[in-house]
Amino acid sequence: MAYHTLLHEYMKMPPVTRAYTTACVFTTVAVQLDVVSPFQLYFNPLLILKQFQVWRLITTFLFFGNIGFNFLFNMIFTYRYCRMLEEGSFRSRTADFVMMFLFGATLMIIWAFFINLLFLGQALTIMLVYIWSRRNPYIRMNFFGVLNFQAPYLPWVLLGFSILLGNTPWVDLMGIAVGHCYYYLEDVLPQHRANLKILKTPLFLKHLLDPAPEEDHVPPPEFRPGGFNWGGNAPEIPPEGRQNE
């Protein structure tokens, strides 16, 4: 019974979130079981360009370290904000969601050629958090029952928490920068330049990934609680941001 319940909940996940989080978990388990080594996964420009180990362009986003607090923390945030974006502002727009992933991953890889970073999964997570937070500016967050703030500050709170854990700030800063680039090109620029749209999803992706549009479907507002209540009271949501979960 428990197996069927878990399988049902797993299949209810939207497709991109399900595929990405599953790939991250399988990669981590494979490393834990010594099926593969982290040395085969990390981003290495020389091995990519000279030995054509192109899989590193993908695996650098799939490994968050050995199973432990840091891995669980990252996976929780990856799953939660990836799912909320896919079910919110990207509902019935799977191709556009994949395009966002491709844009972010490409920009991070370009920057990684100049910055010595081995794994970029955490940067991708921060990018997702940043985009969600900018599209939900009025959500009140509670972090570990200590900090109360509005959603746009969440990426910076996570950056500070990461530094306290002894991690390098450059990974999170890259995620914030890439997230802002996407947010500016997709949400800000079209409003100020007569609907100018630079990021355009290829038609083949739309034909491949997007279902037929639902009749009379109006995408729901994306306002919903965005963080876990880490030991405090439930996050406060203004009237204009409330909806049933």
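Residues numbered from 1 in each chain as written. Predicted model: local features only at pLDDT ≥ 70, side-chain atom pairs only at ≥ 80, totals over all residues. Heavy atoms only, no water.

## So, the packing of helix H7 (residues 121-135) against helix H9 (residues 169-192)
- Across the interface, H7 lies against H9 with an axial gap of 7 Å and an inter-helix angle of 40 degrees. Taken as axis vectors, H7 and H9 run oblique relative to one another. You can see that H7 and H9 cross each other, and the crossing is right-handed. When H7 is examined against H9, the residues Gln122, Ala123, Ile126, Met127, Tyr130, Ile131, Arg134 and Arg135 are found in contact with a partner set consisting of Val171, Asp172, Met174, Gly175, Ile176, Val178, Gly179, His180, Tyr182, Tyr183, Glu186 and Asp187. (Axes fitted to C-alpha atoms, helices over the stretch in contact; angles between N-to-C directions. Helix = DSSP H or I, 4+ residues; strand = E, 2+ residues; numbered from the N terminus. Parallel < 35°, antiparallel > 145°, perpendicular 65-115°, else oblique. Left-handed = near helix turned anticlockwise from the far one by under 90°. Contact = heavy atoms within 4.5 Å.)

## Focus: the pairing of strand E2 (residues 147-150)
- When strand E1 (residues 140-143) meets E2, the two strands line up antiparallel, connected through four bridges. When the bridges of E2 are listed, Phe143 appears paired with Leu147.
- Taking the residues between adjacent antiparallel strands as the criterion, E1 and E2 are bridged by three residues, where Phe144 takes a positive phi near 60 degrees. (Pairing = 2+ DSSP bridges.)

## Considering the packing of aromatic side chains
- In total, this model carries 11 aromatic pairs according to the counting rule given.
- Between Phe73 and Phe77, the ring centres sit 4.9 Å apart and the planes meet at 40 degrees, which makes this aromatic pair tilted. Within this pair, Phe73 and its partner Phe77 are both found in helix H5 (residues 69-87), separated by four residues, close to a single helical turn. The same class applies to Phe73 and to Phe77, which are both buried.
- Between Phe77 and Tyr81, the aromatic rings sit 5.6 Å apart at their centres with planes inclined by 15 degrees, giving stacked as the arrangement. A residue pair is termed a helical-turn pair when its members lie 3 or 4 positions apart in one helix, as Phe77 and Tyr81 do in helix H5 at four residues. Each member of the pair, Phe77 as well as Tyr81, carries the same accessibility label: buried.
- Above the plane of the ring of Tyr10 lies Arg18, whose end atom (NZ or CZ) is 6.0 Å from the centre.
- One cation-aromatic arrangement involves Arg56 over Tyr42; the distance from NZ or CZ to the ring centre is 5.0 Å. (Phe/Tyr/Trp six-rings, centres within 6.5 Å; stacked < 30°, edge-to-face > 60°. Buried < 20%, exposed > 50% of the residue type's maximum accessible area, 1.4 Å probe, protein only. Lys NZ or Arg CZ within 6 Å of the ring centre and 35° of its normal.)

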